[in-house]
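Here's the letter readout for the chains.
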Amino acid sequence: QKALTPTMPLKLPVFVVLICSWFVWLPETLYGFDMGFDHCRSIFANGRPWVALDTCFNRHERGQYRSVNASCTDDQSAIRLTIYDGANCQGDVINTTIQSYDPSQLQCGGPLCEHAIIRNYDSKKCERSDDIDYTDFPFPVSQCFVLPTMAKYFGSVKFQCNDSGVYTEIYPINVHDCTENYVAHEYLAWDDYGTCNDDYQWSQFIKCRSSATTNKPHIVYALLLVYYICLSY
């Protein structure tokens, strides 16, 4: 059997060639798979993914809801905040502002983040009530990271989310990739009751949110079918 060369035509139906070609260049932004990126799209704080990008989040202020979508600028040197006059990024855009960041704080490429919604109240007295303004931040989960400043205490860390809240998985010193079955410690970071954070603001868990992929399982099934067809030929 002769080896394939660039001059030998592949005897594939045209539609298969087109579908397989589409599968190869299909951007990861559609189906959310990690294609070589270390993390999902997010803003980092102290070496950790801290706020999910390209994800709508709500703001309750003076009895009214507004919402925000944060995304990278084209040169990936800043964040563009688009503010809507309504919840869930619906309604009119009332303001757009640019906030500069150090490039090391931004992960502009990669899949959308799975995230937890963490409600952070504005009061600096660790108070919460219906008349206190708050923001529902999208906090990235299922992301493995290493903190060099804590290297002598543990290897890697991952935040996870379930119906009870957000919990932290701590891995041993020699485990830097959050390998399953090697969790050394696990503790609850946020629950639905909440806690007073380091800024004396009340923070509480609201719910888990999946990435675009898990919200659209038909996309995953279609891609698996395409992959099977490509392998068959």
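Notes on the structure in this doc start here. Computed from a predicted structure; not experimentally measured.

**Re the sheet that holds strand E1 (residues 42-45)**
Phase 1 of the analysis: Spatially, the three strands line up as an open sheet ordered E2-E1-E7, and their pairing is antiparallel. Because the sheet does not close on itself, it has two edges, and the strands there are strand E2 (48-52) and strand E7 (106-107).
Phase 2 of the analysis: Inspection of the sheet shows E1 paired to E2 by four bridges, in the antiparallel sense. Bridging across to E2, Ser42 finds its partner in Ala52.

**Focus on the nonpolar core**
Phase 1 of the analysis: Core analysis: the largest hydrophobic core is formed by 13 residues, its most contacted members being Ala116, Ile118, Phe139, Phe159, Val166, Trp190 and Phe205.
Phase 2 of the analysis: Those elements that provide at least two residues to this core are strand E8 (115-121), strand E11 (157-162) and strand E12 (165-170).

**Some words on the side chain of Thr82**
Phase 1 of the analysis: Note that Thr82 resides in strand E5 (residues 78-84).
Phase 2 of the analysis: For Thr82, a relative accessible area of 14% translates into the label buried.
Phase 3 of the analysis: If we ignore the near neighbours within four places in the chain, the residues touching Thr82 are Ser67, Val68, Asn69, Val93, Asn95 and Thr96.

**Here we look at the state of the cysteines**
Phase 1 of the analysis: Within the structure shown, the criterion is met by six disulfides.
Phase 2 of the analysis: Disulfide pairing places Cys144 opposite Cys178 at an S-S distance of 2.1 Å. Residues Cys144 and Cys178 are joined through a disulfide that is right-handed, its torsion about the S-S bond being 90°. With Cys144 in strand E10 (residues 144-145) and Cys178 in the loop between E12 and strand E13 (185-191), this pair connects stretches of sequence that are 34 residues apart.
Phase 3 of the analysis: Here Cys161 connects covalently by a disulfide to Cys208, the sulfurs 1.9 Å from one another. Because the torsion about its S-S bond is -95°, the bridge between Cys161 and Cys208 counts as left-handed.

**Re the packing of aromatic side chains**
Phase 1 of the analysis: For the structure shown, the criterion picks out eight aromatic pairs.
Phase 2 of the analysis: Between Tyr193 and Trp202, the ring centres sit 5.5 Å apart and the planes meet at 90°, which makes this aromatic pair edge-to-face.
Phase 3 of the analysis: Note on Tyr193: relative accessible area 51%, which makes it exposed.
Phase 4 of the analysis: Overall, the relative accessible area of 12% leaves Trp202 in the buried class.
Phase 5 of the analysis: Chaining the aromatic ring pairs together yields one cluster made of Trp50, Phe139, Phe145, Phe159 and Trp190.
Phase 6 of the analysis: Here Arg128 stacks its cationic end above the ring of Tyr193, 4.7 Å away from the centre of that ring.

**Considering the environment of Ser156**
Phase 1 of the analysis: By secondary structure assignment, the location of Ser156 is in the loop between E10 and E11.
Phase 2 of the analysis: Sequence separation between Ser156 and Phe145 is 11 residues, and the spatial gap between their C-alpha atoms is 5.6 Å.
Phase 3 of the analysis: At 2.7 Å, the side chain of Ser156 and the backbone oxygen of Val175 are in polar contact.

**A short note on the pattern of salt bridges**
Phase 1 of the analysis: The tally for this structure, following the rule as stated, stands at five salt bridges.
Phase 2 of the analysis: With its nearest N and O atoms 2.8 Å apart, the salt bridge here joins Asp136 to Arg119. Taken together, the positions of Asp136 in strand E9 (residues 134-140) and Arg119 in strand E8 put the pair 17 residues apart, joining distant regions of the chain.
Phase 3 of the analysis: When salt bridges with common partners are traced through the structure, they connect Arg59, Glu61 and Asp122 into a single cluster.

**Section: the sheet that holds strand E4 (residues 64-72)**
Phase 1 of the analysis: With antiparallel pairing, the eight strands of this open sheet are ordered in space as E6-E5-E4-E3-E9-E8-E15-E14. Edge strands, defined here as strands with exactly one partner in the open sheet, are strand E6 (93-100) and strand E14 (195-196).
Phase 2 of the analysis: For E8 and strand E15 (residues 202-209), the ladder comprises six bridges, and the chain directions are antiparallel. Looking at E15, one finds that His115 is bridged to Arg209.

Here is what the cut-offs are and how they apply
Residues numbered from 1 in each chain as written. Predicted model: local features only at pLDDT ≥ 70, side-chain atom pairs only at ≥ 80, totals over all residues. Heavy atoms only, no water. Pairing = 2+ DSSP bridges. Helix = DSSP H or I, 4+ residues; strand = E, 2+ residues; numbered from the N terminus. Core = buried A, V, L, I, M, F, W, Y, C linked by side-chain atoms within 4.5 Å. Buried < 20%, exposed > 50% of the residue type's maximum accessible area, 1.4 Å probe, protein only. Contact = heavy atoms within 4.5 Å. Disulfide = S-S within 2.5 Å. Phe/Tyr/Trp six-rings, centres within 6.5 Å; stacked < 30°, edge-to-face > 60°. Lys NZ or Arg CZ within 6 Å of the ring centre and 35° of its normal. Polar contact = N/O pair within 3.5 Å; in protein donor to acceptor, adjacent residues only side chain to side chain. Salt bridge = Lys/Arg side-chain N within 4 Å of Asp/Glu carboxyl O.

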